[in-house]
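# Chains, contacts and geometry: an overview
Each chain, written out:
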Amino acid sequence: MKQKMAQLVMTVFVLWAVWPSGLSWAGISVEMDRDSLEADSEPISLSAEETELSTEPVVKSDVRVIEADCTLQNIGHPDHPADNPVVVRGGSLAEPIVMTLAQVYIEVNGEDQCAFALENAHVQLILQGENSLESGFGSAGLSVSEGSSLEIIGSGSLKATGGSNGAGIGGSGGFERVGEIIIGEEAIVIAQGGESAAGIGGGKSNMGNRITIGGRATVQAYGGKYASGIGDGRFGGNSQIE
């Protein structure tokens, strides 16, 4: 303690000695905490890693990319849905990717975030139990982009909710075409489009697609404002419904 006080006095003396004449001390104040003089705390040091700023983007949740047959089961909960989007790629009309959804609940809220997206994919989706997909602004609940096709079968249910401009199942808005959508067997589908988007079919300004409902499927489709339940979104056209 005495050594620290001596160093402080010496510092003040040196400051006075080198202070230019004619300058005032007014407006200069030095505040010191008594505890800081008496504490024998260790100095704080940061490693090189701790001092570097990260340039990596912050990712809220991981995206599941699927390119082969699979089962998604027990993901999320009705009261606490998962926020991990699913992207499916691959398959063909002759040999689609076969996927089973069983008790899957996914909800994403960010702009242009899609809960379940088909990107140049051909998918046969088998429903088991209850399932729910909900997307953010500008995205379909289950997006079927141009060059993709979707067949929904099974005996389970799916509720798909699009954000504004996005269909429940189908397009996410824009001027691209929507892929083909088929619903059959005993599947139960409830689709809610966002504003300007169809329940099943086109999002805002999407060009038409082909929609087929058959078997013993039960479908409830609700379009958003200015849009149809099944078919076209606002400013869209040429959908074929069978």
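A brief report on the enclosed structure follows. Given the structure is predicted, the values throughout are model-derived calculations rather than measurements.

The number of helices and strands found in the chain is 3 helices and 17 strands. Put simply, of all contacts in the chain between residues at least 6 apart along the chain, 78% involve residues at least 24 apart. In the form shown here, the chain has an accessible surface area of approximately 14000 Å², with 51% of it arising from carbon and sulfur atoms.

A contiguous nonpolar patch, built from Ile-188, Ile-190 and Tyr-222 and spanning about 230 Å² of accessible area, is present on the exposed surface. Mapped onto the elements, Tyr-222 comes out in strand β15 (residues 218-222). Assessed through its relative accessible area of 41%, Tyr-222 is described here as partly exposed.

Bridging between strand β3 (residues 86-90) and strand β5 (residues 116-128) involves 4 bridges; their strand directions are parallel. From the neighbouring strand, Val-87 faces β5, where its bridge partner is Ala-117. Sheet topology places strand β4 (residues 97-107) next to β5; 6 bridges connect them, and they run parallel. The partner of Thr-100 across the bridge, within β5, is Ile-126. Taken together, the 3 bridges between β5 and strand β7 (residues 142-144) define a ladder with parallel strand orientation.

Aromatic ring pairs are reported here in terms of the distance separating the ring centres and the angle at which the planes meet. Evaluation of the coordinates by the stated rule reveals 0 aromatic pairs. Its guanidinium or amino end placed over the ring of Tyr-226, Arg-234 lies 4.0 Å from that ring's centre, counting from NZ or CZ.

So, on to the environment of Gly-193. Summarising the element assignment, Gly-193 is placed in the loop between β12 (188-192) and β13 (200-201). With 28 residues separating them in the primary sequence, Gly-193 and Asn-165 have C-alpha atoms 7.7 Å apart. The residues contacting Gly-193, other than those within four sequence positions of it, are Gly-162, Gly-166, Ala-167, Gly-168, Ala-198, Gly-199, Tyr-222, Gly-223 and Gly-224.

So, on to the pattern of salt bridges. One pass over the full model with this rule turns up 2 salt bridges. Ionic pairing is found between Glu-119 and Arg-89, a salt bridge with its closest N-O pair at 3.1 Å. On the criterion of sequence distance, the pair formed by Glu-119 in strand β5 and Arg-89 in strand β3 is long-range, its members being 30 residues apart. The partner of Glu-186 in a salt bridge is Arg-216, with the nearest N and O atoms 3.4 Å apart. Here Glu-186 is found in the loop between β11 (180-183) and β12, whereas its partner Arg-216 is found in the loop between β14 (210-213) and β15, with 30 residues between them in sequence.

Core analysis: the biggest nonpolar cluster contains 36 residues, and Phe-116, Leu-125, Leu-142, Ile-152 and Ile-169 have the highest contact counts within it. Of all the elements, β5 adds the most residues to this core, at 6 residues. Apart from residues no more than four positions distant in its own chain, Leu-125 is found in contact with Met-99, Leu-101, Phe-116, Leu-142, Leu-150, Glu-151, Ile-152 and Ile-153.

This part is about the pairing of β12. Burial along β12 is one-sided: Val-189 and Ala-191 are buried, while Ile-188, Ile-190 and Gln-192, pointing the other way, are not. As paired strands, strand β9 (residues 157-161) and β12 are joined by 5 bridges and run parallel to one another. Across the sheet, residue Thr-161 finds its bridge partner in β12, namely Gln-192. Direction of pairing for β12 relative to β15: parallel, over a ladder of 5 bridges. Its bridge partner being in β15, Ile-188 is matched across the sheet by Thr-218.

What follows is about the environment of Thr-100. Its location among the elements puts Thr-100 in strand β4. Judged by relative accessible area, Thr-100 falls into the buried class, the value being 11%. Sequence separation of Thr-100 and Asp-69 is 31 residues, and the distance between their C-alpha atoms is 8.5 Å.

It is worth spelling out unusual backbone geometry at this point. What you tend to see is this: most non-glycine residues have negative phi, and most peptide bonds are trans. With a phi angle near 50°, Asn-120 is a residue other than glycine that sits in the positive phi range. Within the secondary structure, Asn-120 sits in strand β5. Positive phi outside glycine occurs at Tyr-226, with the angle close to 75°. Within the element layout of this structure, Tyr-226 appears in the loop between β15 and β16 (230-231).

Criteria and thresholds
- Residues numbered from 1 in each chain as written.
- Predicted model: local features only at pLDDT ≥ 70, side-chain atom pairs only at ≥ 80, totals over all residues.
- Heavy atoms only, no water.
- Helix = DSSP H or I, 4+ residues; strand = E, 2+ residues; numbered from the N terminus.
- Contact = heavy atoms within 4.5 Å.
- Areas by Shrake-Rupley, 256 points an atom, 1.4 Å probe, with all protein chains shown as cover.
- Patch = residues over 30% accessible without salt bridge, like charges linked within 9 Å, V, L, I, M, F, W, Y side chains within 5 Å.
- Salt bridge = Lys/Arg side-chain N within 4 Å of Asp/Glu carboxyl O.
- Buried < 20%, exposed > 50% of the residue type's maximum accessible area, 1.4 Å probe, protein only.
- Pairing = 2+ DSSP bridges.
- Phe/Tyr/Trp six-rings, centres within 6.5 Å; stacked < 30°, edge-to-face > 60°.
- Lys NZ or Arg CZ within 6 Å of the ring centre and 35° of its normal.
- Core = buried A, V, L, I, M, F, W, Y, C linked by side-chain atoms within 4.5 Å.

So, to be careful, I would describe these as geometric facts and stop short of saying anything about function.
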